[in-house]
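# Coordinates in review
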2 protein chains.
Amino acid sequence: MKTRILSGLIMLPLLIIVILNGWVLYAGCFVISIMAAYEFFRGFRHMDIKPCYPIALCSIAALYILGMLRRLAVTAGGAVQPCIAVFGSEQWILLWIFATVLACLLYLFSIEKRKPEDAMVTLTGIFYVGFFCYTIGELALSEMNIFVWLVIITAFGTDICAYFAGVTMGKHKLCPKISPKKTWEGAIGGVLGSVILSGVFGLFFAKAFLPYCLIIGFIASIASMFGDLTASIFKRKMGIKDYGNLIPGHGGILDRFDSVLFTGPVIYFYVAIVADAAFSEGCVTVF
Amino acid sequence: MKTRILSGLIMLPLLIIVILNGWVLYAGCFVISIMAAYEFFRGFRHMDIKPCYPIALCSIAALYILGMLRRLAVTAGGAVQPCIAVFGSEQWILLWIFATVLACLLYLFSIEKRKPEDAMVTLTGIFYVGFFCYTIGELALSEMNIFVWLVIITAFGTDICAYFAGVTMGKHKLCPKISPKKTWEGAIGGVLGSVILSGVFGLFFAKAFLPYCLIIGFIASIASMFGDLTASIFKRKMGIKDYGNLIPGHGGILDRFDSVLFTGPVIYFYVAIVADAAFSEGCVTVF
C-alpha cells in the first residue's frame, strides 16, 4: 500500500507535463517511449535474446518527427511550404512501417551473430512500447487533447481502486497464473473507480462530453488491466520482477506505465474515430 | 537452369493478373499475402515457435478491406456516404497497427501454452509478408499502376540475369554464409539486367518516365537481392530448404515471391512519394 501511494506521489512531475499538454506532452511521450523500449529490450537479455536498441531509437524518433511534420502540414494547410505539405499524406506512415520492418530484417544479415528472435523483439518493442505511447502524443496534439487526462485518470484510477477493493474484499482469483494477487473483486472495484473518477472529471472539466467520459472510464479501465497483465506476462517469461529500478522501490518506467500504454491508444482511437464527429462542435466551447 | 526457366513459365498466370491490374491485382496480392504468411508461419514450427495464423489472417484481411474503403473514400470524394468518407482519414492505419499488435499481445494470455516468440513471429509475419505485399496492391489501385510491371520485371529480371551472369563469370562469393552460390559477378549482372529491362519497358510503355524507370531498375534490383537473402536467412534459421512445395520442384509461394516482397514496397514508395509530383502530369498522357 505504501508503495502504491508513494508511486502515486512520484507521478506528480508527470502531472505538470500533462497540465502543459500539447507539444510538451508530445516530447514527454517520446522520452518515455525510448526509456520504456530500453527497459523492454533489457528484459529480453534474460532470455538470451539481443534486440537492437539503435534501430528502435531511430524508428521511434522517426515516428515522432513524422508526426510533428504531419501536424505542421495539417495545421499550416495550403499556406505551408510544399516540402512540409507533402507530409500530410498518409503514405508516410506506410513508409515508416516499411522502413522499420526492413531495418529489423536487415539486422539479421550478420547471420552468425543473430537469431530471428533478436529482430522480432526489436520490432515488437517498437510497436508495443514506441507506437502505443506515440498515440498519447497524437492525442496531445489534437484539439481533443483535454482527454489526455483520462489516459492518466483511468490507468492510475483503476490501479489504485482495484488495489483497495482487492485488499478489502478480494476473494476470487482473477488469473493466478499471470498475477496471483489480482482478484475479481479488485477488478470490479477498479472499473467502478475508473468510471466514477472519469465522470467526476467530465462533470468539472468537460461537461459537454460527460457521457463520453463515462464510456471511456469503463472501456479504458478494462484496457488498463490488460496492459498491466501484458507487462506481467512478459516479466514472467523473462524471469524478472521489475523492468527496471529507475524509481527506487517502484520499478522502472515500463512498470509504472504498463497500463498507460493501453489506455492511451484506446482513448486516442475512441476520441479520434468513434467520437470525433460528435465532439468537434462541442469541443470548441470547451477551450 | 531448367528450374529457373520452368518457374519462369509457371509465372505466366501471374502475368494475366498483372495485365488486368487494378482491383484484380489487388485481390491477387491479398491471396498471395495469406498464402505466403501461412508458409512463413509453418517454417517457424521447425524452431518450435507456434505463431497464430488466424490473427494474421484477420489482420491482413482487415488491411486489404481498409485499403479498399480508403480508396473508395478518396475516389468518391465528397459525393460518398459519410460512413465511407470517414475511412479517408489516416487514423485507420494507426488503428490497424494498434489492433494488430494488441491481438498478438493478447495471444500470450494463455501464458502456460505460449511463448513471447509465438506472438512476435505472428507480428513479424503480418508486417513482413502481409504488409510488404499489400503495398503492391496499393500501387495497383493508384493512377501510377503501370509501374506494377517494374515490380515483376526488376524482381525476376534480377534473379534470371544474376543466375546467368553468375554461372558464366561467377568467381567472388557475395555472402557465402547466407547463400553460398551467389557471386558478386552475378549480383552486378543482375543489376545491369534489371536496369536494361526496366529501360526497355520504359521505352515502349512509359516513355515519359524513362529516366525514372532506369532509377527504379537500379534501386529495385538491389532491393530484390536483399529480399532473396532475407528469405534465405529465415530458411537457414528454420533449417528448411524451401518454404513450401506448392509449385512442385520450385518451392512455395514465398520462395517465388521473396524478391517481389522487397521490390514492391520500394517501387511503391518511390512512385508514391519521391516521383509522384513529377509524374502526376505526364501520367495522364500515358493512360
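Our subject in this report is the structure included herewith. (Residues numbered from 1 in each chain as written. Chains lettered and ligands numbered in written order. Predicted model: local features only at pLDDT ≥ 70, side-chain atom pairs only at ≥ 80, totals over all residues. Heavy atoms only, no water.)

### Things to note about the pattern of salt bridges
Applied cut-off: Whenever a carboxyl oxygen of Asp or Glu lies within 4 Å of a side-chain nitrogen of Lys or Arg, that contact is scored as a salt bridge. Only DSSP runs of H or I reaching four residues or more are called helices, and only runs of E reaching two or more are called strands; each is numbered from the N terminus. Working definition: with a 1.4 Å probe on protein chains only, accessible area under 20% of the residue-type maximum means buried, over 50% means exposed, and in between means partly exposed.
Evaluated as defined, the whole model comprises 16 salt bridges over all chains. A salt bridge links B:Arg71 to B:Glu138, with the nearest nitrogen and oxygen atoms 3.8 Å apart. With B:Arg71 in helix α4 (residues 53–76) and B:Glu138 in helix α7 (residues 116–141), this pair connects stretches of sequence that are 67 residues apart. Residue classification places B:Glu138 among the buried residues on the basis of a relative accessible area of 4%. Overlapping salt bridges, with partners in common, bring together A:Arg70, A:Arg71 and A:Glu138 in one network.

### Quick notes on the packing of helix α9 (residues 184–205) of chain A against helix α10 (residues 210–238) of chain A
Residue and element names in this part refer to chain A. Operational definition: Each axis is a line fitted through C-alpha atoms, and for a helix only the stretch in contact is used; angles between axes span 0 to 180 degrees, taken between their N-to-C directions. Each helix crossing is assigned a hand: it is left-handed if the near helix lies turned anticlockwise from the far helix by less than a right angle, otherwise right-handed if that turn is clockwise. When checking whether two residues touch, look at their non-hydrogen atoms; a contact exists if any pair is within 4.5 Å.
Two elements in contact, α9 and α10, have axes separated by 8 Å at closest approach and are oriented at 150°. Judged by the twist between their axes, the crossing of α9 over α10 is right-handed. In this structure, α9 contributes Ala187, Gly190, Val191, Ser194, Val195, Ser198, Gly199, Phe201, Gly202 and Leu203 to the contact, and α10 contributes Leu210, Cys213, Leu214, Gly217, Phe218, Ser221, Ile222 and Met225.

### Points about helix α7 (residues 116–141) of chain A
Residue and element names in this part refer to chain A. Put simply, the rule is: To estimate how far a helix should extend, the number of its residues minus one is multiplied by 1.5 Å. Across the chain, bend at a residue is computed as the angle between axes fitted to the seven residues ending at that point and the seven starting from it.
The end-to-end C-alpha distance of α7 is 36 Å, a good match for the 38 Å that 26 residues give at a rise of 1.5 Å each. Along its length, α7 reaches its greatest deviation from straightness, about 30°, at phenylalanine 131. Taken across its 26 residues, α7 has 26 buried, putting it largely inside the fold.

### What to know about the relation of the copies chain A and chain B
Selection criterion: A least-squares fit on C-alpha atoms brings the copies together, and the residues used are those whose pLDDT is at least 70 in both copies.
Note on the identical chains: chain A maps onto chain B by a rotation of 180° and an axial translation of 0.0 Å, with an RMSD of 0.0 Å. Expressed as an axis order, the relation between the two copies is that of a two-fold axis. Counting the interface residues of chain A, we find that 100% of their copies in chain B are interface residues as well, pointing to one common contact surface.

### Focus: the interface of chain A and chain B
Test applied: The term buried area means the drop in 1.4 Å probe accessible area that two parts suffer when joined, counted for both and summed. Under the rule applied, a polar contact is a pair of N or O atoms within 3.5 Å (in protein, one hydrogen donor and one hydrogen acceptor; residues adjacent in sequence only if both atoms are side-chain atoms). Each residue is assigned to one class: nonpolar for Ala, Val, Leu, Ile, Met, Phe, Trp, Tyr, Cys and Pro, charged for Asp, Glu, Lys and Arg, and polar for all the others, Gly among them.
Facing 50 residues of chain A, the contacting portion of chain B comprises 50 residues. Note on chain A versus chain B: buried area summed over both sides is about 4,900 Å², and carbon and sulfur give 83% of it. Three residues stand out in chain A for area buried against chain B, namely A:Phe109, A:Ile111 and A:Met120, and they jointly supply 14% of the buried area on that side. In this structure, the connection of chain A to chain B is made through 2 salt bridges. The partner of A:Glu112 in a salt bridge is B:Lys177, with the nearest N and O atoms 3.4 Å apart. Seen at the junction of chain A and chain B, the total is 8 residue pairs in polar contact (both at pLDDT 80 or more). Only α6 (91–106), α7, α10 and α12 (260–274) of chain A provide two or more residues apiece to the side of chain A that touches chain B. Taken together, the residues of the side of chain A that touches chain B sort by class into 36 nonpolar, 4 polar and 10 charged.

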